[in-house]
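# Topology and contacts: notes
The lines below spell out each chain.
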Amino acid sequence: MKVHEYQAKEVFAEFGIPITEGGVAFTPDEAEQITRELGKPVVVKAQVHIGGRGKAGGVKLANTPEEAREKADAILGMDIRGFTVKKVLVTEQVGIRDEYYCGITVDRDARMLVLILSASGGVDIEQVAAETPEKIAKIHIDPLVGLWPNQMRRAVFSSGIDTSKIKEISSIIHKLYKAFLARDCSLLEINPLVVTDDGQVLALDAKMDVDDNGLFRNKDLLKYREIGGDLDEYEAFAKENHVTYVHMPPDMRGPVGIAGNGAGLVMTTLDVVARAGLKPNNFCDIGGGGDAEHSIKCIETVMKDPDVKGFFLNVFGGITRCDIVAQALVDYADNFPAGCPVVIRLTGTNEDIAKQMLEETRYTFVSTMQEGAEKIVELIKGLEVGA
Ligand code: GDP
Ligand code: MN
């Protein structure tokens, strides 16, 4: 589960990690009001479940209540990489001397947590990581041993952080680690962790991903869950209809809609389609043992994003019966947009019955996944040329 910055900062406050004062506004009026109450210059910050808000124009400084209203008006309703801004955090503005990065996440390969620290924090941290990885200190934390003070000091010294702040920063790292464990996080990040002009150390941003499997013992975090909060409209539709569906991240999305049965087969299908030359838009696992109604909902979900230009169904029937999927394809046939390529690979249980049922349809049939991937790519590319 993803939570917003202002919510993660409530968790920070609970663990004693220093943050700036502020409030959440849903309207420009409220932003103005909060600024008036704070009586200080503020930062107006989009609250969306995606990073890179600063670069997208979703973080703006405002020196007066009136200015805060204007900035909130500009940010509310803004689209940040596919997420619409519905609320902003209005929080005290500080003068920044240094911007650091401090985060804890899970390193699956090492089977440990990893503390990541850098003196080069801020909005370009990805670039720092890619181009000058030596500027980023990584210290593994053995979950059976915990985080030791000497490890924290080592992290601070090797990260290039101002060592005169070692006491404050070690204390923040320690609290971040405690919060990470207590709240069953998969990521807990402060970027930037700043030293202000007057020497204070503060968490100016907060990113927190909670492992859903730990929510049963963190029930108070459920209040942060937004119905459809980190889901877009297509994912929300899928959820409502009990369809297992993933919309690819906006910057990775292509024109191919994909459905199949079984997570492994579907994931492989994504790779094979991508290698054939076009990116998937989404994918859906129709699962096994469902009825035709459910399969229809699956197809409908996959086709919902108007950027989907073609549909590839890859089913290897075991528990999933090909005739049931075929029934869905027959029933749904008229709902595919005119000219939309539909490529079907349907083999396994009751394959013969399925073939008979689909005889009259205009779908393109293939017998292997590879062939299907190449076909759907060819047909969609053909549309582009034709258009
Ligand atoms: P992100 O881009 O989504 O990670 O949003 P952040 O909360 O990290 O804000 C982006 C950038 O805005 C930060 O790296 C800072 O440089 C800047 N920023 C945020 N708060 C303040 C502030 O109080 N004062 C100043 N001067 N800059 C700020
Ligand atoms: Mn940030």
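Higher on the page you've got the structure.
Reading guide: rules and limits
Residues numbered from 1 in each chain as written. Chains lettered and ligands numbered in written order. Predicted model: local features only at pLDDT ≥ 70, side-chain atom pairs only at ≥ 80, totals over all residues. Heavy atoms only, no water. Helix = DSSP H or I, 4+ residues; strand = E, 2+ residues; numbered from the N terminus. Areas by Shrake-Rupley, 256 points an atom, 1.4 Å probe, with all protein chains shown as cover. Lys, Arg positive; Asp, Glu negative; His and termini not counted. Charge placed at Lys NZ, Arg CZ, Asp CG, Glu CD. Buried < 20%, exposed > 50% of the residue type's maximum accessible area, 1.4 Å probe, protein only. Contact = heavy atoms within 4.5 Å. Phe/Tyr/Trp six-rings, centres within 6.5 Å; stacked < 30°, edge-to-face > 60°. Near = heavy atom within 4 Å. Polar contact = N/O pair within 3.5 Å; in protein donor to acceptor, adjacent residues only side chain to side chain. Nonpolar A, V, L, I, M, F, W, Y, C, P; charged D, E, K, R; others polar. Domains from an automatic or database assignment. Axes fitted to C-alpha atoms, helices over the stretch in contact; angles between N-to-C directions. Parallel < 35°, antiparallel > 145°, perpendicular 65-115°, else oblique. Left-handed = near helix turned anticlockwise from the far one by under 90°.

## A short note on the overall build of the chain
The helix and strand tally for the chain stands at twelve helices and 19 strands. Total accessible area on the chain is roughly 18500 Å²; 52% of this is exposed by carbon and sulfur atoms. If the 43 positive side-chain charges of the chain are averaged to one point and the 59 negative ones to another, these points end up 5 Å apart.

## Some thoughts on the side chain of N191
Among the structural elements, N191 can be located in strand β11 (residues 185-196). Residue classification places N191 among the buried positions, given a relative accessible area of 11%. Beyond its immediate sequence surroundings of up to four residues, N191 is in contact with Y100, Y101, G121, G122, I125 and D205.

## Structural notes on the packing of aromatic side chains
Working definition: an aromatic ring pair is given by the centre-to-centre distance plus the angle between the planes. In this structure the tally under the stated criterion is three aromatic pairs. Ring centres 4.9 Å apart and planes at 80° place the aromatic pair Y332 and F336 in the edge-to-face group. An identical accessibility class is assigned to Y332 and F336; each is buried. With 5.8 Å between their ring centres and 85° between their planes, F336 and Y363 make a pair best called edge-to-face. Here F336 is found in the loop between α10 (322-332) and β18 (342-348), whereas its partner Y363 is found in the loop between α11 (351-357) and β19 (364-365), with 27 residues between them in sequence.

## Some points on the site of ligand 1
If you check the shell around ligand 1, you find 18 residues, and the closest are K45, R53, G54, V94 and E99. A distance of 2.5 Å is found between an oxygen atom of ligand 1 and a side-chain nitrogen or oxygen belonging to K45. Contacts to ligand 1 include N191, whose backbone N or O atom sits 3.1 Å from an oxygen atom. Look at ligand 1: alone it shows 560 Å² of surface, and the protein chains cover 83% of it. Across the shell around ligand 1, the residue classes tally to eight nonpolar, five polar and five charged. When residues are assigned to domains, the shell around ligand 1 turns out to be shared by domain 1 (21-92) and domain 2 (96-223), each giving three or more.

## Side note on the packing of helix α5 (residues 149-159) against helix α6 (residues 166-182)
Following both chains from N to C, one finds α5 and α6 inclined at 120°, their axes separated by 10 Å at the closest point. Taken together, the axes of α5 and α6 are oblique relative to one another. Crossing handedness for the pair α5 and α6: right-handed. Only I166, I169, S170, I173 and H174 of α6 make contact with α5, whose side of the interface consists of M152, R153, V156 and F157. Considering only residue class, the contact of α5 with α6 consists of six nonpolar, two polar and one charged.

The values are spatial; any link to function lies outside them.
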